[in-house]
Amino acid sequence: FMKRRKPCTDFPPSPPSWPFVGNLLQMDFRDLHNSFKQLSKQYGDVMSLRVFWKPTVVLNGFEVIKEALIQKSEDTADRPPFNLYEILGFVGNNKAVVLANYGQSWKDLRRFTLSTLRDFGMGKKSLEERVRDEAGYLCDAFQSEQGGPFDPHVLINTAVSNVICSIIFGERFEYDDHKFLKLLCLIEESIKAESGPVPQIISSLPWSSKVPGLARLFFQPRIHMLQYLQEIINEHKQTWDSGHTRDFIDAFMLEMKKAKGVKDSNFNDQNLLLTTADLFSAGSETTTTTLRWGLLFMLLYPDVQRKVQEEIDQVIGRTRKPTMGDVLQMPYTNAVIHEIQRYADIIPLSVPHMAYRDTHIKGFFIPKGTVIMTNLSSVLKDEKVWEKPFQFYPEHFLDRDGKFVKREAFMAFSAGRRVCLGEQLARMELFLFFTSLLQRFSFQIPDGEPCLREDPVFVFLQVPHDYKICAKVR
Ligand code: HEM
C-alpha cells in the first residue's frame, strides 16, 4: 500500500491506495454503489478514491448530495472527459447533451431540446396524445397474448421507443417492423457494450482514444446505431420544407438554417446526430426498465395492484383513456409510481459529474476538474430519510389522509443543473402506460413460473431478471 497522499489538507479522505491502480481493487464493480456505501461508513459521506492516479470524489447520502447538486449546482455541473468517445465524434463543442461539458454548447442544446419537447405543438398531435395512443397499442399487444404467459420486455421497450421515434422522426412503427426492431436491438446492445466497468475505466484514460481498435471493441453497436440515425436524417433533409416542422429533426434543421454563417454554431450536423442518439439512449431503456420493475412489483404485491385498480375504477372508470389531468385525483397510483422508481433505483450512480470550479462540500475542498460521483442509490435508500428504505412501501409518498406528498430525497432523476432532461416526458409515460395497463388487465404470476426475483442485474442500469407475466383482461 502507498502512504495516503492528500492533494491538500481538506481534500476528502480516502482509503489507502495501490501504486498505479489506485483504489480500483477495493471497488466491487458488480455492485459499485453498495461498495461505495460500505466504504463511506469508514471514510465518510464525502470521500475520495483513486482511479489509477486520478482522484475521484464520491458523495453519499441525501444531505451531502443535496448540497452538491442543488446548493452548489453550478460548481458541480461539468462532465469529465469520456476520451474513448472521441472516435465517435464527441469532440469540443460537439458532444450533444449527456456527455457535454458545462458551457454554451450544452446550454444551447439542452434549452432547445427541452423547449422542443415541451411545446411539441408541431405536427398534428400533442405529446400527451401520442403517449396515450401508444399506450392503447401496447394494451392491444398485451391482449393479443390471450392471457397466456409472456415476457413483457420487448413490447414495453417497443412502445416506449415508439414515443421517442414519433418525437424525433415524426412517425411511429408497427411492433413487428424489422427495421425498427433492429434499431431497438442496437440501442440495447450499445448500452450493454459501453456500460461495463472496463469501458468506463478505459474511457477515463487520456490516451485511450489513441489505441487502435480499442474504441471499436466497445462501440460497434453504437457505430451502427449512429449510421442508422444518419440515414434517417439524410432522408429528412431530402423531404424537408422549412416552412413546416414535422418533428425534432426538422426543428433542429431550422435552427441550423438560422445559424447559417455563424462561425462554430452549436447547431450543426454532428450535434443533430448526437442529440437524437442521446434521446434514444437516455430515454428508452430507462423508462422501459422502470415499467418492467413496475409490473414485477404488481405481481409481487397483489394488494398494491388491487388498490391501484380500485383508484383507476373510481377516478377514470373502465373505458375512458387515462390523461395527465387524472394524476392529481389519483394520489395512491402516483405514490406507487414514485415508490417503483425509488425502490427499483435504476441508475444508482447517475452519470459522472465534474467540478466546474473550485468548491467546498461539507467543508471539504474539491478542486476544479475533479470527477464527482453522486451515489443516487444512497439517497433513494437513505436510512435517515425513509421510513422503510429497503421495502416496497408506497406510503412513503402519502400523508395520513392519503394525500400525495412530494419528498425532497426522491432523486431518481437526479437534481440541479444536470437533472434529467426527459423527466417530464418520463413521468408522463410512466403514468399513462402504467394506468392504461392496470385499467385493462390484472397481472398474475404464470403457473409454474419459478420464484420471481427482486434483486437486480447491474448493467449501468439496474434491470430486473427476465420474468413472464399473464395479463388477464378485467
Ligand atoms: C440525464 C434518469 C428518462 C434524457 C439523466 C440522469 C439521470 C436520469 C439520473 C443523470 C443526471 C445527472 O447527471 O445528474 C432518468 C430516469 C428516466 C429517464 C430514471 C426514466 C424513468 C429520460 C427520458 C429522456 C431522458 C425519457 C429523453 C427523452 C436525459 C438526458 C440527460 C439525462 C438528455 C442528460 C442531461 C444533461 O446532462 O444535462 N436521466 N432519465 N431521460 N436524461 Fe434521463
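For the structure, see preceding data.
Conventions we followed
Residues numbered from 1 in each chain as written. Predicted model: local features only at pLDDT ≥ 70, side-chain atom pairs only at ≥ 80, totals over all residues. Heavy atoms only, no water. Helix = DSSP H or I, 4+ residues; strand = E, 2+ residues; numbered from the N terminus. Buried < 20%, exposed > 50% of the residue type's maximum accessible area, 1.4 Å probe, protein only. Axes fitted to C-alpha atoms, helices over the stretch in contact; angles between N-to-C directions. Left-handed = near helix turned anticlockwise from the far one by under 90°. Contact = heavy atoms within 4.5 Å. Pairing = 2+ DSSP bridges. Near = heavy atom within 4 Å. Polar contact = N/O pair within 3.5 Å; in protein donor to acceptor, adjacent residues only side chain to side chain. Patch = residues over 30% accessible without salt bridge, like charges linked within 9 Å, V, L, I, M, F, W, Y side chains within 5 Å. Areas by Shrake-Rupley, 256 points an atom, 1.4 Å probe, with all protein chains shown as cover. Salt bridge = Lys/Arg side-chain N within 4 Å of Asp/Glu carboxyl O. Phe/Tyr/Trp six-rings, centres within 6.5 Å; stacked < 30°, edge-to-face > 60°. Lys NZ or Arg CZ within 6 Å of the ring centre and 35° of its normal.

**Some details on unusual backbone geometry**
Working step 1: Phi is positive for Asp345, which is not a glycine, with a value near 55°.
Working step 2: Note that Asp345 resides in the loop between α13 (331-344) and β4 (353-354).
Working step 3: For Asp345, a relative accessible area of 2% puts it in the buried group.
Working step 4: Its identity as a non-glycine residue notwithstanding, Ser350 has a phi of 50°, on the positive side.

**Regarding the packing of helix α11 (residues 285-300) against helix α15 (residues 423-440)**
Working step 1: Taken N-terminus to C-terminus, the directions of α11 and α15 make an angle of 35°; their axes are 10 Å apart at the nearest point. Judged by the sense of rotation from one axis to the other, the crossing of α11 with α15 is right-handed. Only Ala426, Glu429, Leu430, Phe433, Phe434, Leu437 and Leu438 of α15 make contact with α11, whose side of the interface consists of Thr287, Thr290, Leu291, Gly294, Leu295 and Met298.

**Considerations on the sheet that holds strand β1 (residues 46-51)**
Working step 1: An order of β1-β2-β7-β4 is seen for the 4 strands of this open sheet, with the pairing classed as mixed. Either end of the sheet is taken by a strand with one partner, and the two such strands are β1 and β4.
Working step 2: Sheet topology places β1 next to strand β2 (residues 54-59); 6 bridges connect them, and they run antiparallel. Looking at β2, one finds that Met47 is bridged to Val58.
Working step 3: Contacting β1, β2 and β7 (371-374), helix α1 (residues 32-43) runs over the sheet at an angle of about 120° to β1.
Working step 4: Where helix α2 (residues 62-71) meets the sheet, its contacts fall on β1, β2, β4 and β7, and the angle it forms with β2 comes to roughly 115°.

**Section: the site of the ligand**
Working step 1: Close to the ligand lie 27 residues, the nearest being Arg110, His353, Ser414, Arg418 and Cys420.
Working step 2: The separation between an oxygen atom of the ligand and a polar side-chain atom of Arg110 is 2.8 Å.
Working step 3: Contacts to the ligand include Ser350, whose side-chain N or O atom sits 3.5 Å from an oxygen atom.
Working step 4: Breaking the shell around the ligand down by element, the ones donating at least two residues are α3 (104-118), α10 (269-283), α11 and α15.

**A short note on a nonpolar patch on the surface**
Working step 1: Together, Phe20, Trp53, Trp207 and Val211 make up a nonpolar patch on the protein surface, roughly 450 Å² of accessible area in all.
Working step 2: With respect to the helices and strands, the residue Trp53 is situated in the loop between β1 and β2.
Working step 3: Judged by its relative accessible area of 44%, Trp53 is partly exposed.

**Here we look at the pattern of salt bridges**
Working step 1: For the coordinates displayed, the defined rule picks out 30 salt bridges.
Working step 2: Its salt-bridge partner being Asp269, residue Lys237 comes within 2.7 Å of it at the nearest N-O pair. In this pair, Lys237 is assigned in helix α8 (residues 214-239) and Asp269 in helix α10, connecting sequence segments 32 residues apart.
Working step 3: Judged by its relative accessible area of 35%, Lys237 falls in the partly exposed class.
Working step 4: Ionic contacts of the salt-bridge type, sharing partners, join the residues Glu74, Asp75, Arg357 and Arg417 into one network.

**Digging into the pairing of β1**
Working step 1: β1 sits mainly inside the fold: 6 of its 6 residues count as buried.
Working step 2: Burial along β1 is two-sided: the face carrying Val46, Ser48 and Arg50 and the face carrying Met47, Leu49 and Val51 are both buried.
Working step 3: Count of turn residues in the β1/β2 antiparallel hairpin: 2 residues, of which Phe52 carries a positive phi of about 55°.

**Overview of the packing of aromatic side chains**
Working step 1: Under the definition given, this model contains 29 aromatic pairs.
Working step 2: For the pair Tyr102 and Tyr356, a centre-to-centre distance of 4.8 Å together with 80° between the ring planes defines the contact as edge-to-face. Residue Tyr102 is found in the loop between α2 and α3, and its partner Tyr356 is found in the loop between β4 and β5 (359-361); the two are separated by 254 residues along the sequence.
Working step 3: Judged by centre distance (5.0 Å) and plane angle (80°), the rings of Phe142 and Phe150 are edge-to-face. The same class applies to Phe142 as to Phe150, namely buried.
Working step 4: The side chain of Lys179 reaches across the aromatic face of Tyr228, ending 5.3 Å from its centre.

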